[in-house]
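Reading the structure
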Amino acid sequence: MRCRRCKKPAVVEVRRHNAAFCDSCFQAYVHAQVRKAVDGLGMFSCDERILVAVSGGKDSLALWDILISQGYRVDGLYLGLGVGEYSKRSQRACEAFASERRVNLRVYDTAIEEGYDVPRAAKGPRTPCSVCGLAKRHLFNRLALEGGYDVVATGHNLDDEAAVLLGNVLRWETGYLARQKPVLQSTHPGLARKVKPLYRVAERETAAYAVLRDIDYVVQECPLAVGNTQIELKHALDAIEETSPGTKHAFLFGFLERAAKAFEGEDAVELHACSRCDMPTGGALELCAYCRMRDSLTGSRGPSAEEERL
Ligand code: Q46
Ligand code: ZN
């Protein structure tokens, strides 16, 4: 197999594009895909401050590496969720990455800062992933705004996005389909812009990129992922992709280019400020879902936003 661009021996095959690349042309290909995502959709500009949410895994560290190399003003945020040895190893991987490249990493531990951790929080109807997902959505947004960042970037790749899309289509979750975009613009002063610059890069491509760049990432999956629906959906798509390369790409890009418009507005809700944390929330309740969850986990009421201002 020869590199499509320079004809040297290839080291990575990209079957969905019927192509193969040598080390340096493959890295250039990944960078070009990210540039196309960032510039094509106006995700952010060179003078904006980006907060990249890092987990210690291949995708988020590869994304951080790419954005640093492309000269963006980007810091990392690691959320410590208290998942035993897995969280400790993940935090160490992020810290090592940041210190090798002399870039800023913020570590935010939910047990210390918020009074709960994910394994203990997952009780009754709450699954670990539902607690974790709600905590990440709230804290990424809040910490980005508090830190003066313009945008939050996450390492979701093409496979992640295709699996989420499949789950939403199978249940016709029209509100979620309306929000399935690589860029979620800020629609409220209390909401940071959210972007997914790796949405054009497949999972095995981010893994290959991380290996070629010598990024020391955590290979182990989160131990709480057992039974996670998204992983089952990924396996189903992997099986289809194996016999029909390019299916995931066609599914995701077909939706984004031809079907996404049909769901616009399906997620419209009137927002008001949560009386505890001041973050925007929908629905009739005074507190946002995160503050309600945190109250029930810590047994505390905590100060209201008004009380905190005094
Ligand atoms: S970290 Fe959190 Fe994942 Fe672990 S608890 Fe579930 S959602 S599986 S990306
Ligand atoms: Zn709140």
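Here, every reference points to the structure presented above.
Reading the values: the criteria
Every chain begins its residue count from 1, and numbering advances along the sequence as written. Each chain is given a letter, starting from A, and each ligand a number, starting from 1, according to the order in which they appear as written. Whole-chain, interface and lining totals are the exception, using all residues; otherwise, since this is a predicted model, local features are given only for residues with pLDDT of at least 70 and side-chain atom pairs are given and counted only at 80 or more. Only hydrogens and water are set aside; all other atoms, that is, all heavy atoms of the structure, feed into the side-chain values. For this description, a residue counts as near a given molecule or strand if any of its non-hydrogen atoms is within 4 Å of it. All residues other than Ala, Val, Leu, Ile, Met, Phe, Trp, Tyr, Cys, Pro, Asp, Glu, Lys and Arg, Gly among them, are scored as polar; the first ten of these are nonpolar and the last four charged. The helix and strand labels rest on DSSP assignments: H or I over at least four residues marks a helix, E over at least two residues marks a strand, and numbering proceeds from the N terminus. One less than the number of residues in a helix, times 1.5 Å, gives the span that helix is expected to have. Categorising residues by exposure relies on relative accessible area from a 1.4 Å probe, with only protein chains included: less than 20% of the type maximum marks a residue as buried, more than 50% marks it as exposed, and the intermediate range marks it as partly exposed. Note that water is not among the atoms used; donors are N, O and S atoms within 2.8 Å of the metal (3.2 Å for Na, K and Ca), so sites may look incomplete. Every geometry call rests on angle ranges, with four donors termed tetrahedral when all angles are between 85 and 135 degrees, four termed square planar and six termed octahedral when opposite donors are over 155 degrees apart and all others are between 65 and 115, and everything else termed irregular. We call two strands paired when DSSP finds no fewer than two bridges between them. Residue contacts are defined here by distance: any two heavy atoms, one from each residue, within 4.5 Å place the two residues in contact. Here the axes come from fitting lines to C-alpha atoms, over the contacting stretch only for helices, and the angles between their N-to-C directions go from 0 to 180 degrees. Think of it like this: strands point away, you trace from the first strand over the helix to the second, and a clockwise trace means the crossover is right-handed. An angle below 35 degrees is read as roughly parallel, one above 145 as roughly antiparallel, one from 65 to 115 as roughly perpendicular, and any other as oblique. The handedness criterion is simple: a crossing whose near helix is rotated anticlockwise from the far helix by less than a right angle is left-handed, and one whose near helix is rotated clockwise is right-handed. By convention in these notes, a salt bridge is any Lys or Arg side-chain nitrogen within 4 Å of a carboxyl oxygen on Asp or Glu.

**A look at the site of ligand 1**
Close contacts around ligand 1 come from Cys129, Cys132, Lys136, Cys222, Leu224 and Ala225, and that covers them all. When the residues that make up the shell around ligand 1 are grouped by side-chain class, the tally is 5 nonpolar, no polar and 1 charged.

**A look at helix H2 (residues 58–69)**
With 12 residues, H2 ought to run about 16 Å at 1.5 Å a step, and its terminal C-alpha atoms sit 16 Å apart, in line with that. Within H2, 10 of the 12 residues are buried, which leaves the element mostly enclosed by the surrounding structure. Of the residues trailing H2, Gly71 is marked for its positive phi of about 85°.

**Quick word on the coordination of the zinc ion (ligand 2)**
Surrounding the zinc ion (ligand 2) are the protein donor atoms Cys274 (SG), Cys277 (SG), Cys288 (SG) and Cys291 (SG), at 2.3 Å. Around the zinc ion (ligand 2) sit 4 donor atoms; with metal-centred angles ranging over 106 to 113°, the donor geometry is tetrahedral. Written as a sequence motif, the donor residues of the zinc ion (ligand 2) are C-x2-C-x10-C-x2-C. Note that Cys274 is positioned in the loop between strand E9 (272–273) and strand E10 (280–281) and Cys288 in the loop between E10 and helix H12 (289–298), a separation of 14 residues in sequence. No difference in accessibility class separates Cys274 from Cys288, as the two residues are buried.

**Topic: the sheet that holds strand E3 (residues 49–53)**
Ordered in space as E5-E4-E3-E6-E8-E7, the 6 strands form an open sheet in which the pairing is mixed. Pairing within the sheet leaves two strands with one partner each, and these edge strands are strand E5 (105–109) and strand E7 (183–184). Note that E7 and strand E8 (residues 193–195) share 2 bridges and pair antiparallel. By the bridge assignment, Leu184 is partnered in E8 with Lys194. Sheet contacts for helix H6 (residues 128–146): E3, strand E4 (73–80), E5, strand E6 (151–153) and E8; angle to E4, the most-contacted strand, approximately 140°.

**Description of the pairing of E5**
Bridge count for E4 against E5 is 5 bridges, and the pairing is parallel. Among the inter-strand pairings, Gly80 is bridged to a residue of E5, identified as Asp109. Crossover E4 to E5 through helix H3 (residues 84–101) is right-handed.

**Here's the deal with the packing of H2 against H3**
Running from amino to carboxyl end, H2 crosses H3 at an angle of 15°, the nearest separation of the two axes being 11 Å. Classified by the angle their axes make, H2 and H3 are roughly parallel. In this structure, H2 crosses over H3, and the sense of that crossing is right-handed. Residues Leu61, Trp64, Asp65 and Ile68 of H2 lie in contact with H3, whose contacting residues are Ala93, Cys94, Phe97, Ala98 and Arg101.

**Observations concerning the pattern of salt bridges**
Taken as a whole, this structure holds 20 salt bridges when the rule is applied. Taking the shortest distance from any N to any O, the salt bridge between Arg213 and Asp65 comes out at 2.9 Å. Of this pair, Arg213 sits in the loop between helix H9 (203–212) and helix H10 (229–243) while Asp65 is found in helix H2, placing the two residues 148 residues apart along the sequence. Among the residues examined, Arg213 registers a relative accessible area of 32% and is labelled partly exposed. We classify Asp65 as buried; its relative accessible area is 2%. With a closest N to O distance of 3.5 Å, Glu100 and Arg101 form a salt bridge.

Purely spatial values, then, with no claim about function.
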